[in-house]
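A structural walkthrough
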Amino acid sequence: MRRNLLPVLALLSGTLFLFLGNGLQGLLLPLRGSLEGYSNETLGLLGTTWAAGFVIGCFVAPNVVRRIGHVRAFSGFLALICMNVLLTGLFVDQTAWLTLRAITGFCTAGTSMIIESWLNERATPESRGTIFSFYISITLFGVVGGQMLVPFSDVTTTTLFMICGILYSIAALPTTLSKAASPQPLKRAKLDLKGLFRNSPISFVGILLIGIANGAYGTLTAVFANRAGLSQGAVAAMVTITIFAGAIMQFPAGRLSDRMDRRYVLAGLSAAAALAGLVVAMVRPTDAYGIIVLVAIYGAAANALYPIAVAHANDFASPEDFVKVSGGLLLLYGIGTIIGPTLGGPVMTWAGPYALFLVTAIAHILITAYAIIRSRQRAPVPAEHRDAYTVAPAATSPMTTPESLALDPRAAQAEGTTEDRRN
């Protein structure tokens, strides 16, 4: 394992600090905005603009890298991210924040794609699985670690904004100081909506709805917690336990989906997430421990849905189409995360902060119903011919790019299958 990880240790350490900054900034802005009296609509748009910038970055950033090179592009993207987070601390203005979040989302896509392509270039067939697993783990722990920094300082000061800028600056060092040769040019992201729907209607509809639910929850959960009277520490704990519960649940849920029709697993988990959300929305608990327990149940069910939906789509796709299908679904998920916060903010204004969970519950109820309907219209793929379930980073952390899929061992197997057919 040491031999596999040493060549990419610098890149992985840079990734850790990048996601530490992402996790801290993602929780800090809605908390500070809520205390500044920003409307729910504006706070929701903080997530919308970031997700929109990220999705656009997946399409445009490869052209930037192709023109100026990996190292210069990476340094430029991170410099903009660092500058943006410092500006959000200096200028507390909602219009400025929305603009800066869009730019940050765009640059985050660029930095992530460069790191992922570099890792893929340095990975060998033997180390690919190990590196992919470590990359997923680092994104998870980075986001959680960044969020857990929030209780250690007052969000009404500029301290956490400066810490966030420092984290981003450190993230730039391993890559910019590396002597490693630049990887191959980034691949352009592609989104074939018609093809994705024809391949698997439930994965198409399900992942769009998962993106809507996760986008609304991920952006507005801190706003909900603040409006419900929770302390900064309780807010950080609530967000963190949601992520960890989802990460833990992916393994048993994945094993179960390998043994039975994945659509039944999707329906069951979606129903559980909907039930937990409805309990929060209807009971309106005010006790921090009660809320944390309920959102832990919610997170365990909701965050296990994405990789199962992706695995179901790949069950019906050709092995050589793995990257195309999985990358398209990841971008579709991104579209959902644009829609979710845009809907969640007005609903919370209209019906109160607890109504956030009505938005997520409706999305999960729709997934449950459609999964059951589709299970009666199309036979499942036999277990021996199904795609192997793999934990997906998009389920529990800010989005990764389609470039990350090249690290997945299944991508190498797909390339091997294509080469065999050509020969």
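What comes next is a walk through the structure. Bear in mind the structure is a predicted one, so any value in this text is a computation, not a measurement. (Residues numbered from 1 in each chain as written. Predicted model: local features only at pLDDT ≥ 70, side-chain atom pairs only at ≥ 80, totals over all residues. Heavy atoms only, no water.)

Here we come to the pattern of salt bridges. Oppositely charged side chains can pair when the atoms bearing their charge come close. Tallying each qualifying case throughout the model produces four salt bridges. Of the charged contacts, one joins D315 and R262 as a salt bridge, the two residues approaching to 2.8 Å between their closest N and O atoms. Separated by 53 residues along the polypeptide, D315 in helix α13 (residues 305-315) and R262 in helix α11 (residues 262-283) bring together distant segments of the chain. Note on D315: relative accessible area 10%, which makes it buried. (Salt bridge = Lys/Arg side-chain N within 4 Å of Asp/Glu carboxyl O. Helix = DSSP H or I, 4+ residues; strand = E, 2+ residues; numbered from the N terminus. Buried < 20%, exposed > 50% of the residue type's maximum accessible area, 1.4 Å probe, protein only.)

Turning to the environment of A309, a few remarks are in order. Checked against the element boundaries, A309 lands in helix α13. Leave out the neighbours within four places in its chain, and A309 touches S203, I207, I210 and L266. (Contact = heavy atoms within 4.5 Å.)

On to the packing of aromatic side chains, then. A complete count under the given rule lists twelve aromatic pairs for this structure. On the numbers, 5.5 Å between centres and 90° between planes, the contact of F197 with F204 is edge-to-face. The class of F204 is buried, set by a relative accessible area of 15%. Between the aromatic rings of Y298 and F357, the centroid separation amounts to 5.9 Å while the plane-to-plane angle is 85°, which identifies the pairing as edge-to-face. With Y298 in helix α12 (residues 288-302) and F357 in helix α15 (residues 356-375), this pair connects stretches of sequence that are 59 residues apart. A relative accessible area of 2% means that Y298 is categorised as buried. Counting every residue linked through ring pairs, the aromatic cluster contains Y217, F224, Y298, Y354 and F357. (Phe/Tyr/Trp six-rings, centres within 6.5 Å; stacked < 30°, edge-to-face > 60°.)

Glancing now at a nonpolar patch on the surface. Taken together, the side chains of I56, F59 and V60 define a hydrophobic patch exposed on the protein surface, amounting to about 230 Å² of accessible area. Structurally, the position occupied by V60 is in helix α3 (residues 40-68). Taking the relative accessible area as the measure of exposure, V60 reaches 34% and is therefore partly exposed. (Patch = residues over 30% accessible without salt bridge, like charges linked within 9 Å, V, L, I, M, F, W, Y side chains within 5 Å. Areas by Shrake-Rupley, 256 points an atom, 1.4 Å probe, with all protein chains shown as cover.)

Our focus in this paragraph is the environment of G277. For G277, the position within the fold is in helix α11. Under the relative-accessibility criterion, G277 is labelled buried at 0%. Linking G277 and I297, residues 20 residues apart in sequence, is a C-alpha distance of 9.2 Å.

Looking at the element boundaries, F59 is found in helix α3. Residue classification places F59 among the partly exposed positions, given a relative accessible area of 31%. With 47 residues separating them in the primary sequence, F59 and F106 have C-alpha atoms 9.7 Å apart. If near-sequence neighbours (up to four positions away) are discounted, F59 is found in contact with A189, K190, L191 and L331.

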